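# Structural overview for review
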Amino acid sequence: MQKLPIGIQTFRHIREENYIYIDKTDMAFDIIENYKYAFLSRPRRFGKSLFLDTLHNIFEGNKALFEGLAIYDKWNWEETYPVIRIDWAGDFKTLENTKERALQILKNNRQRLGIECTFQDSPSGCFEELIQKAYETYQKPVVVLIDEYDKPILDNLEDPQRALENRDFLRSFYVMLKANDAYLKFAFLTGISKFSKANIFSGLNNIEDISLTPSFATVCGYTQHDLETSFQEHLQGANLEQIKAWYNGYNFLGEYVYNPFDILKFIKNGFLFKNYWWESGNPSFLITLLKQKPYNIPRLENLVVGDEILNSFEIEKLSLEVLLFQSGYLTIDTYIQTPIGIKYKLKVPNLEVQISLNALFLTYLTDNSYDQERLSLYEALLHADLETFKHIFVSLFASIPYNNYVKNNVGEYEGYYASVFYAYLAASGLNVIAEDVTNAGRIDVTILLHDKAYILEFKVDSDAALTQLKEKNYAQKYKDKADEIYLVGITFDSKEKNIKAFAWEEIK
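Structural notes, computed from the coordinates. Please read all numbers here as calculations on a predicted model, not as lab measurements. (Residues numbered from 1 in each chain as written. Predicted model: local features only at pLDDT ≥ 70, side-chain atom pairs only at ≥ 80, totals over all residues. Heavy atoms only, no water.)

Running from N to C, helix H4 (residues 95–113) and helix H7 (residues 160–179) cross one another at 30 degrees; their axes reach a closest spacing of 9 Å. On the basis of the axis angle, H4 is roughly parallel to H7. Between H4 and H7 the crossing geometry is right-handed. Side by side, H4 and H7 meet where Leu95, Thr98, Lys99, Ala102 and Leu106 of the first sit next to Glu165, Asn166, Phe169 and Phe173 of the second. Considering only residue class, the contact of H4 with H7 consists of 5 nonpolar, 2 polar and 2 charged. (Axes fitted to C-alpha atoms, helices over the stretch in contact; angles between N-to-C directions. Helix = DSSP H or I, 4+ residues; strand = E, 2+ residues; numbered from the N terminus. Parallel < 35°, antiparallel > 145°, perpendicular 65-115°, else oblique. Left-handed = near helix turned anticlockwise from the far one by under 90°. Contact = heavy atoms within 4.5 Å. Nonpolar A, V, L, I, M, F, W, Y, C, P; charged D, E, K, R; others polar.)

This is the structure in structure tokens:
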């Protein structure tokens, strides 16, 4: 049985040491043949570094490593090229640290390529000199591979001034690609965010973003076919449908993919369903943005955005929606071609992200994650125990510190209460539909659990919630989808900041 490549980003190590390798070399060949400057955006731990290292080995002509792979009979292995590899890993908390790291990366490349530079104190000058001397030394055009091109910026999102300083430095560094176009064969950059060309790649207008090119949708990540073939032995006895619900769902305009880190850790840990990918990161920047202005959390589940939004990451005006998408916490559900451009409907990709993201929102909104209570909530809904359901939420709102209402702009009462309700339900792993569309209007929240449907309407200082549910006949949508349908009208008291009235009715 082949070994699991957990945390291994070195192509040679994987191929020589009998680790599982999912063949992406057909797409690598396609990219090399059809692009000179290409950029790929994917969330963290998706396999970008391994793909970059695969490209490195192709250009160095390491033929033996590719035996049995798609590119083996297509590539001219006699042709090799000098490769400059830039991996942005390190401490970027000051501009000086960033410059020092750049110089160290360039030094490592000089030593590997056997080249000396005179501009040893200027990162941009040394980069340009390295490109030109590599061309002269090897008499071949140069390949530049840049991994995590945006890390010096993303590591400083909570300090905008420092992020801007690193952005300006990177702009002056990357402009050397344009200045040395004549010496380059191919340049490939990976990252998480997609900054505008004007901000980072000033003048490099011919860089092509392949992040949402359908033919490269699976260039990173595992497909369902991969799980059922390459991982078949490792997943004997595992519930594939449950794995799909927890970890699949990332869509880059092609086949849905899994995050590799989740699958590898899931197997390694004996099929335990846990938030492996989420726990490997630190999304503190989300809380920073939530503090800046109130968000109606349920609406994040039904976002419709334009192409320009998904491609506009700006430090000066960070958007929660853009960060959630580019970081992998939201993914594409569907897209529509309109007369004014493409529109994308976004969604949470899977159960892992749904539970973790909403637990984060819940902790911010209430100062508590309510782990134990969330188990009780599930049991209450499973048995249609609406009195317990009510008690759980009355206790929840009673426990929220007054300052939380202030920081979330409680002037937008219904939005805040709906956000707490939705985050609590979604963090419990329930199938929750926010702003559920019907032909008579929008249901605030629908909960689907086995054979039951719970239709919720929220009001502030008004007792019309249950009446509205009945008058608009919202239950009709679920007559053929659920055996038991419950209408639940909830009224909040703006002074007491808790549930004032809780009325429900089962539709027979």
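We are not done yet, so read on.
With the rule as written, the count across this model stands at 20 salt bridges. Between aspartate 155 and lysine 151 there is a salt bridge, and its shortest N-O distance comes to 2.7 Å. Here arginine 167 ties to aspartate 168 by a salt bridge, and the two come within 3.4 Å at their closest N and O atoms. Owing to a relative accessible area of 7%, arginine 167 belongs among the buried residues under this scheme. Salt bridges here are not isolated pairs; linked through shared partners, they connect Asp53, Arg85 and Asp87. (Salt bridge = Lys/Arg side-chain N within 4 Å of Asp/Glu carboxyl O. Buried < 20%, exposed > 50% of the residue type's maximum accessible area, 1.4 Å probe, protein only.)

The next point concerns the pairing of strand S13 (residues 498–507). In the sheet, strand S12 (residues 484–493) pairs with S13 via 9 bridges, with the strands oriented antiparallel. Residue pairing for S13: aspartate 493 is matched across the bridge by asparagine 498. Hairpin connection, S12 to S13: the antiparallel pair is bridged by 4 residues, and lysine 497 has positive phi, about 55 degrees. (Pairing = 2+ DSSP bridges.)

Next up on the list: the side chain of threonine 54. On the secondary structure map, threonine 54 appears in helix H3 (residues 48–59). Among the polar contacts made by the side chain of threonine 54, one reaches the main-chain carbonyl oxygen of leucine 50 at a distance of 2.8 Å. Apart from residues no more than four positions distant in its own chain, threonine 54 is found in contact with Phe11, Tyr21, Thr25 and Phe66. (Polar contact = N/O pair within 3.5 Å; in protein donor to acceptor, adjacent residues only side chain to side chain.)

Another point: the packing of aromatic side chains. According to the stated counting rule, one finds 47 aromatic pairs in the structure shown. Ring centres of phenylalanine 393 and phenylalanine 421 lie 3.8 Å apart, and the angle between their planes is 10 degrees; this geometry places the pair in the stacked category. In this pair, phenylalanine 393 is assigned in helix H17 (residues 386–399) and phenylalanine 421 in helix H19 (residues 413–427), connecting sequence segments 28 residues apart. Assessed through its relative accessible area of 1%, phenylalanine 393 is described here as buried. Of the residues examined, phenylalanine 421 reaches a relative accessible area of 0% and is grouped as buried. (Phe/Tyr/Trp six-rings, centres within 6.5 Å; stacked < 30°, edge-to-face > 60°.)

Turning our attention to helix H5 (residues 123–138). For H5, with 16 residues, the first-to-last C-alpha span of 22 Å sits near the 22 Å given by 1.5 Å per residue. Taken together, the buried positions of H5 are Pro123, Ser124, Gly125, Cys126, Phe127, Glu129, Leu130, Ile131 and Ala134. Where the residues of H5 are buried, they touch strand S2 (83–87), H4, strand S3 (142–147), H7 and strand S4 (184–191). Positioned one or two residues after H5, glutamine 139 has a phi angle of 55 degrees, which is positive. (Expected span 1.5 Å × (residues − 1).)

What follows is about the nonpolar core. Ranked by size, the top nonpolar core spans 167 residues in total, and within it Trp88, Phe188, Phe389, Phe421, Leu425 and Leu456 carry the most contacts. Element by element, the count of residues in this core is highest for H19, at 10 residues. Listed in part, the 12 residues of the second largest apolar core include Ala475, Tyr478, Ile485 and Leu487. (Core = buried A, V, L, I, M, F, W, Y, C linked by side-chain atoms within 4.5 Å.)

Adjacent strands of a sheet form backbone hydrogen bonds with each other and so pair up, either parallel or antiparallel. The strand order across the open sheet formed by 5 strands is S9-S10-S11-S12-S13, and the pairing between neighbours is mixed. The sheet is open, and its two edges are formed by strand S9 (431–438) and S13, each paired on a single side. Within the sheet, the average angular offset between the axes of one strand and its neighbour, ignoring direction, is 25 degrees. One ladder, built from 5 bridges, connects strand S10 (residues 441–449) with strand S11 (residues 452–460); its direction is antiparallel. In the strand pairing of S11, isoleucine 447 is matched with tyrosine 454. Lying on the sheet, H17 is in contact with S10, S11, S12 and S13; it crosses S13 at an angle near 160 degrees.

Attention shifts here to the pairing of strand S1 (residues 37–41). With 5 of its 5 residues buried, S1 lies for the most part within the structure. The alternating pattern of S1 places Tyr37, Phe39 and Ser41 and Ala38 and Leu40 on opposite faces, both of which are buried.

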